[in-house]
Amino acid sequence: MRIAVVGSGYVGLVSAACFAEIGHNVVSIDNDPDKITALERGEVPIHELHLSELLDRHHNHRLRFSTSLGDSIRDAEAIFITVGTPQSETGEADLSYVESVAREMASALRGQQLVVEKSTVPVNTCDSLRRALVLNGAPSQSFSVASNPEFLREGTAVVDFLYPDRIVIGADDEFSRTVLSKIYAPLANGTYYRQREAIRLHNGVYDRAPIIVTNAKSAELIKHASNAFLAMKISFINAVANISESVGADIQQVCAGIGSDSRIGPKFLNAGIGYGGSCFPKDVQAFRMVSEQCNYEFGLLKEVTKINTEQQRLFVKKVQSALWTLRGKKLGVLGLAFKGETDDVRESPAIAIVNALVKEGATARAYDPAAMRRAADLLPKEGMTFASNPYDAAVGCDALLILTEWREFAALDLERVRRALRHPIVVDGRNLFDPEKASRAGLIYYSIGRPACMPDRSLLTGQEEDYAATSHRIESPLSAGATS
Ligand code: UGA
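Residues numbered from 1 in each chain as written. Predicted model: local features only at pLDDT ≥ 70, side-chain atom pairs only at ≥ 80, totals over all residues. Heavy atoms only, no water.

Asker: What am I meant to see in unusual backbone geometry here?
Answerer: Backbone phi values are negative for most residues with the exception of glycine, while trans is the configuration of most peptide bonds. If you check the backbone angles, Gln-112 has positive phi at about 55 degrees while not being a glycine. Residue position: Gln-112 is located in the loop between α5 (96-106) and β5 (113-117). Positive phi, close to 60 degrees, is recorded for Phe-268, a residue that is not glycine. Within the secondary structure, Phe-268 is located in the loop between α10 (251-259) and α11 (280-293). On the basis of relative accessibility, which here comes to 31%, the residue Phe-268 falls in the partly exposed class. (Helix = DSSP H or I, 4+ residues; strand = E, 2+ residues; numbered from the N terminus. Buried < 20%, exposed > 50% of the residue type's maximum accessible area, 1.4 Å probe, protein only.)

Asker: What's the story with the layout of surface pockets in this structure? I'm lost.
Answerer: The gaps of empty space that remain are located by a probe, the size of a water molecule, rolled over the atoms. Each pocket or cavity is described by its volume, and for the second largest pocket that value is around 1000 Å³. What lines the second largest pocket is a set of 42 residues, and nearest its centre among them are Gly-9, Thr-82, Val-83, Gly-84 and Thr-85. Taken together, the elements giving at least two residues each to the lining of the second largest pocket come down to α1 (10-21), α5 and α11. In terms of residue count, the dominant contributor to the lining of the second largest pocket is α5 (4 residues). Two domains share the lining of the second largest pocket, each providing at least three of its residues, namely domain 1 (2-214) and domain 2 (307-483). (1 Å grid on protein atoms, 1.4 Å probe; cavity = no way out; pocket = protein on both sides within 12 Å on 5 of 7 lines; lining within 4 Å. Points joined across faces, edges and corners; volume = space filled by probe spheres on them. Domains from an automatic or database assignment.)

Asker: Could you clarify how one ought to interpret the sheet that holds strand β10 (residues 363-367) in this entry?
Answerer: Hydrogen bonds between backbone groups are what pair the strands of a sheet, and the pairing can be parallel or antiparallel. In space, the 6 strands of this open sheet follow the order β11-β10-β9-β12-β13-β14, with parallel pairing throughout. Every other strand in the sheet has two partners, leaving β11 (384-386) and β14 (444-446) as the edge strands with one partner each. Taken over all neighbouring pairs, the strand axes of this sheet differ in orientation by 20 degrees on average, direction set aside. Two strands pair when backbone bridges link them, and strand β13 (residues 425-428) and β14 are joined in this way by 3 bridges, in the parallel orientation. Note on β14: the bridge partner recorded for Ile-425 is Ile-444. Where helix α12 (residues 299-323) meets the sheet, it contacts β9 (330-334), β12 (399-402), β13 and β14, and its direction lies at approximately 165 degrees from that of β13. (Pairing = 2+ DSSP bridges. Axes fitted to C-alpha atoms, helices over the stretch in contact; angles between N-to-C directions. Contact = heavy atoms within 4.5 Å.)

Below is the structure:
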């Protein structure tokens, strides 16, 4: 089919590349000429597994790029809107980019075309989009509007697109249902997975994508409610982790116990320094605003955000508690991105934590495999340096902090880390290491929701032994005043 994708950000670009991959002719449109020129030259603007491969494979065959919205959508059978919906000052989703696309495309629509909302939007946006198109001159019989929310995670977006848990088709008429079903047919009937060149799933068997057909409003709600639920799961486990740490339990054992209940499931139960990124913080907020507009006080969502912010503050307190005071302390920092395997630093808890620590008078030496360039603009100019590898970040530091769950950090040689550090202290905000291993490597190891771990005494120098002997207990996250 002929598909236009309006907006070449991470959702738009990945969707365009994947639509081409499953056999459609696609034009990816953006109003930023520099972005389009870079894509034309073969540059890939985001750090996304398999994306370069797909762009290489399809660019100038089934995929092209354009800055011209009107010309590009004229022949398209389906036009996907994937522009940003940032948070406005009031917390609501700012739909001005969606509206401006609607205004621009209205005059180019010319019969039997489907406009699909794929950006994360509040419920009722399809209705508003329909109205905006008509108001701006599109004949109402010339188009249909549907919702087809995305569930792509940054870093694994290509695989998430091609091997989805579900595809949600939110359609209010037969035409929309038929067009969207045709578009996703290669995934729904499994023909894509039998192709020799298909992107493969590394583990697991997968033969066809489940399709859920709903009306447009339900599809819009599914997206907001899914993100809010996932954020709630993280805040819930972080709250439990704080209790676990306080009473000397182990949150990972607790999670194994909770997650093996099939009604709960083991995923998204990793305790840490809280969620970040361009989606969860803004979507929880926007969903709360939707509920307010329905005159419903969704207090649970307020609490989800509160616990998340608090989790960062508790981590700063934990570092301080491990080091007694922060002023003048040199801290190694591993990870700046909002999560592992991405260069995205938007709403990254790591950035908020580094800023807070430097504000308290510490200096930081940070390393991130992909996010350092983007992070530099959001970090202090004074008191901050960047390292060339994880061990370099630890050299001469009073403690090493783990702030992002990069796989490469989980594989670090902990003895080498210890040799690089001035004091053998690791404060792990992502629970990447096995406490026993950390202990055997001679580290004083603090993590989230697990007891602090002292080094194997036989590995310590006399001075380190004295230090470890005085470091047994740091303040529990729930000790008096810690959560105020
Ligand atoms: C999220 C959703 O997972 C996607 O389904 C959705 O499509 C996307 O938002 C979106 O709305 O566009 P993403 O923001 O890429 O995807 O990131 P996640 O992998 O969901 O992680 C979000 C944050 O939660 C990260 O900061 C991560 O470190 C944190 N997290 C995740 C935890 O702290 N614990 C966990 O167990 C899982």
